[in-house]
Amino acid sequence: MEPAAALIPVRAVGRLALLSLRTVGAVTLFALRSLRAILLGPWFPGQILRQLAAIGFFSLPVVGLTAVFTGAALALNIYTGGGRFNAEQIMPQIVALGITRELGPVLAALMLAGRVSATIAAEIGAMRTTEQIDAMRTLSTDPFGYLVAPRIVAAVIALPILTVVADIIGIGGGWAVAVGYLDFNPTVYIRATVDFVEAGDVGTGLLKAMVFGLIVALMGCYHGDRATGGARGVGRATTDAVVSAAILIFASDYLLTTLFTRR
């Protein structure tokens, strides 16, 4: 094998490593500029309220439907698995723990990644490709303060609220299946759930939701701001925003779970 041919895999790995480092650096700089805009202003309350409605209120149906069916399916699976060890009665506790600590925030974040990250990337990407963002700068308006900061703030606020809704509906879905299909006593089921779930379980899910909200909005804004090439570029930015947000949600979920469960 020629020496030059032998170096091809090494060069490919090197290019991939450099590209990864370049991307991490670009995202970090973008996040720092966004944080600066959030902390120092100027603030646009009207924009924040509009984004709260778009991100939070209009996401309620999809988050609610996802949570109720997830809670119902989780209850059936835990009941089946517990039956192999004659432990069916622990089903209410495990459903509540799984929903509040893990499935509630993760599923709500994934729904927002598909709905909100794509929307943000498309909006900002369209503005970038039509030079509207450049026009804002010429009018002495900071795009980070007007476009990016309100979306990040709204997502960080809205996703914990959506997670609380998902927790309640998901546990309700498990309760409905347990009572209507598995012959659990409704009062005993609710009492077992209330006695088992601790404030730390709910708090863990809410802290995760805040981080996930930051990821969802940041990925949408970052990829939208980097869109080039007209409609095709906007479509590519939308896809990249959803994929990167989903991957980062799962990665950060593992890291946060490891941190919160460390003894």
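Overview of the structure. These numbers were taken from a predicted model, which means no experiment stands behind them. Here the residue numbering is sequential within each chain, running from 1 through the sequence in written order. Per-residue local features of the predicted model are confined to residues with pLDDT of at least 70, and side-chain atom pairs are confined, for both listing and counting, to 80 or more; whole-chain, interface and lining totals are unaffected and use all residues. Side-chain metrics rest on all non-hydrogen atoms present in the structure, leaving aside hydrogens and water.

For Phe, Tyr and Trp, where Trp contributes only its six-membered ring, two rings pair if their centres lie within 6.5 Å, and the inter-plane angle classes them as stacked under 30 degrees, edge-to-face over 60, or tilted in between. Under the counting rule described, the total for this entry stands at 6 aromatic pairs. Look at Phe 30 and Phe 144: their rings are 5.0 Å apart centre to centre, the planes differ by 50 degrees, and that puts the pair in the tilted class. Here Phe 30, found in helix α2 (residues 8–40), pairs with Phe 144, found in helix α7 (residues 143–180); they are 114 residues apart in sequence, far enough to count as distant. Note on accessibility: Phe 30 and Phe 144 belong to one class, buried. Ring geometry for Phe 30 versus Tyr 222: centroids 5.6 Å apart, planes at 80 degrees, classification edge-to-face. Linking Phe 30 in helix α2 with Tyr 222 in helix α9 (residues 199–225), this pair joins segments that are 192 residues apart in sequence. The buried category is assigned to Tyr 222, whose relative accessible area is 5%. Elements are defined by DSSP. Helices are runs of H or I of four residues or more, strands are runs of E of two residues or more, and each kind is numbered from the N terminus. Three labels apply to residues, based on accessible area from a 1.4 Å probe with only protein chains included: buried if under 20% of the type maximum, exposed if over 50%, partly exposed otherwise in between.

With that out of the way, let us pick up the pattern of salt bridges. Salt bridge criterion: a side-chain nitrogen from Lys or Arg within 4 Å of a carboxyl oxygen from Asp or Glu. Counted under the stated rule, the structure contains 6 salt bridges. Here Glu 102 ties to Lys 208 by a salt bridge, and the two come within 3.0 Å at their closest N and O atoms. Separated by 106 residues along the polypeptide, Glu 102 in helix α5 (residues 91–129) and Lys 208 in helix α9 bring together distant segments of the chain. Residue classification places Glu 102 among the partly exposed residues on the basis of a relative accessible area of 26%. On the basis of relative accessibility, which here comes to 2%, the residue Lys 208 falls in the buried class. Taking the shortest distance from any N to any O, the salt bridge between Arg 128 and Asp 225 comes out at 2.6 Å. Pair noted here: Arg 128 is in helix α5 and Asp 225 is in helix α9, with a separation of 97 residues, a long-range link. Residue Asp 225 is classed as partly exposed on the basis of its relative accessible area of 21%. What emerges from the salt-bridge pattern is a single network uniting Glu 102, Lys 208 and Asp 253.

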